[in-house]
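Spelled out from the first residue to the last, the chains are:
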Amino acid sequence: MTAPPRADRGARALGYRLLGRRLDYLLHLRPAEWPIMAGHTLLGTVLALGLPAVLRGEGLAGWAVGLVLWVACLNGGTLAINSAFDRDEGDVAYLRAPPPPPRRLFAFGLGLMVAGQVAALALPVTYATLYAACLGMSVLYSVPPFRLKARAGLDWVINLAGFGTLTPLAGWAATGRPVTTPGLLLALGFGALFAALYPLTQLYQFDEDRRRGDRTFALVLGMRRSLSVALAATLVAFALFGAAAAVAGWLPAHRWRIAALGAALLAWGGVLVPWRLRWAGMTPDQHQRGMHLALGAWAVTDLAVVLGWGW
């Protein structure tokens, strides 16, 4: 077994002892992101069935399979083919000190996504259609000559659509239930919220993206305008959440639900406003910490939405 190229410790070191270089394939699926992707996918399931029904395991055979396919096959495969062409040397989202991409990483990632698509045909047709749409977007996003991730603005649109909106809709579709108007507004709101989050994931990678020649959305905008866009997109997201609340008939009786949404908006403001004011003096590590704080605000928003619509 070939030794790891760096002094890996802990779980990664154990993984290399057990799997050898095959572990590199698993690492490039970035399993550290899977809980976040699973949570966002499961959000749609909770909105469709209600949290008590999900906890009781109603419809488990369908939506659990959909969850695994979306998280491990589609998302994991997407990140693998992304790594196959990026060949990052520095930290990337959800993977510190990435190992060199294995020679067959692209084939591995694409094969995993295609296998998931085949399995998705056994689930409701809306789910299989959403999976196919995201598979196509993933290839366009990462693979030359398309490589939309290197085309400022298009990278943003694909991510806000794929992760932000289509992921919770897939969790809903896996249940077989039709999407309601409030559910659609919530999914669009999460699309806008990911429009806020996406440039934040690129701020600490400015130097590496510039060196590679990628014209990412955040790099073209610059840090100041990226943070301004994040603030504006967050306001759009919560306007859509408010519209979903109005359609659901929350006003005026459900003040605690409105308060939960307000708390989530304050969480975002607590991250973005200081960041927007102090960006010029921040280091890449501080920008990376800001991204992690934004992920925390996202989790608060998920909780508010579950309390509001899934309980």
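Computed from a predicted structure; not experimentally measured.

Rules used in this analysis
Residues numbered from 1 in each chain as written. Predicted model: local features only at pLDDT ≥ 70, side-chain atom pairs only at ≥ 80, totals over all residues. Heavy atoms only, no water. Helix = DSSP H or I, 4+ residues; strand = E, 2+ residues; numbered from the N terminus. Rg over C-alpha atoms; globule rule 2.2 N^0.38 Å. Buried < 20%, exposed > 50% of the residue type's maximum accessible area, 1.4 Å probe, protein only. Contact = heavy atoms within 4.5 Å. Disulfide = S-S within 2.5 Å. Expected span 1.5 Å × (residues − 1). Axes fitted to C-alpha atoms, helices over the stretch in contact; angles between N-to-C directions. Parallel < 35°, antiparallel > 145°, perpendicular 65-115°, else oblique. Left-handed = near helix turned anticlockwise from the far one by under 90°. Nonpolar A, V, L, I, M, F, W, Y, C, P; charged D, E, K, R; others polar. Polar contact = N/O pair within 3.5 Å; in protein donor to acceptor, adjacent residues only side chain to side chain. pLDDT = per-residue confidence, 0-100. Phe/Tyr/Trp six-rings, centres within 6.5 Å; stacked < 30°, edge-to-face > 60°.

### A short note on the overall build of the protein chain
Phase 1 of the analysis: The number of helices and strands found in the protein chain is 14 helices and zero strands.
Phase 2 of the analysis: Radius of gyration (C-alpha) of the protein chain: 20 Å, near the 19 Å computed for a compact globule of 311 residues.
Phase 3 of the analysis: In terms of its C-alpha atoms, the protein chain occupies a principal-axis envelope of roughly 65 × 50 × 40 Å.
Phase 4 of the analysis: When each of the 311 residues of the protein chain is scored for burial, the buried share is 52%.
Phase 5 of the analysis: For the protein chain, restricting intrachain contacts to residue pairs at least 6 apart in sequence, the fraction spanning at least 24 positions comes to 75%.

### Side note on the state of the cysteines
Phase 1 of the analysis: Going through the model one piece at a time under the given rule, you end up with zero disulfides.
Phase 2 of the analysis: With no disulfide of its own, Cys-73 has Cys-134 as its nearest cysteine by sulfur position, at a separation of 14 Å.
Phase 3 of the analysis: By relative accessible area, Cys-73 is classed as buried at 12%.
Phase 4 of the analysis: For Cys-134, a relative accessible area of 5% gives the class buried.

### Quick word on helix H5 (residues 60-86)
Phase 1 of the analysis: Over its 27 residues, H5 extends 37 Å from the first C-alpha to the last, a length consistent with the 39 Å expected when each residue adds 1.5 Å.
Phase 2 of the analysis: Here H5 lies mainly inside the structure; 20 of its 27 residues are buried.

### A few points about unusual backbone geometry
Phase 1 of the analysis: Note that the residue after Pro-144, namely Pro-145, is joined by a cis bond; omega there is 5°.
Phase 2 of the analysis: Along the chain, Pro-145 turns up in the loop between helix H7 (125-142) and helix H8 (154-173).
Phase 3 of the analysis: Positive phi outside glycine occurs at Arg-147, with the angle close to 40°.
Phase 4 of the analysis: Structurally, the position occupied by Arg-147 is in the loop between H7 and H8.

### Brief notes about the packing of helix H6 (residues 105-120) against H7
Phase 1 of the analysis: Closest axis-to-axis distance for the H6/H7 pair is 9 Å, and the angle between their directions is 165°. As summarised for this structure, H6 and H7 are arranged roughly antiparallel, according to the angle between their axes. Crossing angle aside, the handedness with which H6 passes H7 is left-handed. On H7, the residues that touch Leu-110, Leu-112, Met-113, Val-114, Gly-116, Gln-117 and Ala-120 of H6 are Tyr-127, Ala-128, Tyr-131, Ala-132, Leu-135, Ser-138 and Val-139.
Phase 2 of the analysis: By residue class, the composition of the contact of H6 with H7 is 11 nonpolar, three polar and no charged.

### Quick look at the side chain of Asp-155
Phase 1 of the analysis: Checked against the element boundaries, Asp-155 lands in helix H8.
Phase 2 of the analysis: Side-chain polar atoms of Asp-155 contact the side chain of Gln-202, separated by 3.4 Å.
Phase 3 of the analysis: Asp-155 has contacts with Tyr-141, Leu-148, Lys-149, Tyr-198, Gln-202, Thr-216 and Phe-217, leaving out every residue within four places of it along the chain.

### Structural notes on helix H3 (residues 34-49)
Phase 1 of the analysis: With 16 residues, H3 extends 22 Å from end C-alpha to end C-alpha; this agrees with the ideal 22 Å at 1.5 Å per step.
Phase 2 of the analysis: Among the residues making up H3, those that are buried are Met-37, His-40, Thr-41, Leu-43, Gly-44, Thr-45, Val-46, Leu-47, Ala-48 and Leu-49.
Phase 3 of the analysis: Directly after H3, the chain includes Gly-50, whose backbone phi takes a positive value near 90°.

### Focus on the packing of H3 against H5
The angle between the axes and the distance between the axes are what describe a pair of packed helices.
Phase 1 of the analysis: Following both chains from N to C, one finds H3 and H5 inclined at 145°, their axes separated by 10 Å at the closest point. Where H3 crosses over H5, the two elements pack in a sense that is right-handed. Note on element contacts: H5 touches H3 through Trp-63, Leu-67, Trp-70, Val-71, Ala-72, Asn-75 and Gly-76, opposite Trp-34, Met-37, Ala-38, Thr-41, Leu-42, Thr-45 and Leu-49.
Phase 2 of the analysis: When its residues are assigned to classes, the contact of H3 with H5 shows 10 nonpolar, four polar and no charged.

### Quick notes on the confidence of the model for the protein chain
Phase 1 of the analysis: Scored by pLDDT, the protein chain comes out at a mean of 89, with 94% of its residues at no less than 70.
Phase 2 of the analysis: Below a pLDDT of 50 lies the segment residues 1-7, which in the model reaches 11 contacts outside its immediate sequence neighbourhood of four places, other chains included.

### Here we look at the packing of aromatic side chains
Phase 1 of the analysis: Summed over all chains, the structure comprises 14 aromatic pairs.
Phase 2 of the analysis: Taken together, a centroid distance of 5.8 Å and an interplanar angle of 55° make the contact between Phe-163 and Trp-298 tilted. Note that Phe-163 is positioned in helix H8 and Trp-298 in helix H14 (residues 284-309), a separation of 135 residues in sequence. For the residue pair Phe-163 and Trp-298, the accessibility class agrees, reading buried in each case.
Phase 3 of the analysis: Ring plane angle 35° and centroid distance 6.2 Å describe the contact between Phe-194 and Tyr-198, whose orientation is recorded as tilted. Of this pair, Phe-194 and Tyr-198 both sit in helix H9 (residues 181-200), separated by four residues, roughly a single helical turn.

### As for the environment of Ala-128
Phase 1 of the analysis: For Ala-128, the position within the fold is in helix H7.
Phase 2 of the analysis: Spatially, the C-alpha atom of Ala-128 lies 8.7 Å from that of Ala-174, the residues being 46 residues apart in sequence.
Phase 3 of the analysis: The residues contacting Ala-128, other than those within four sequence positions of it, are Gln-117, Ala-120 and Leu-121.

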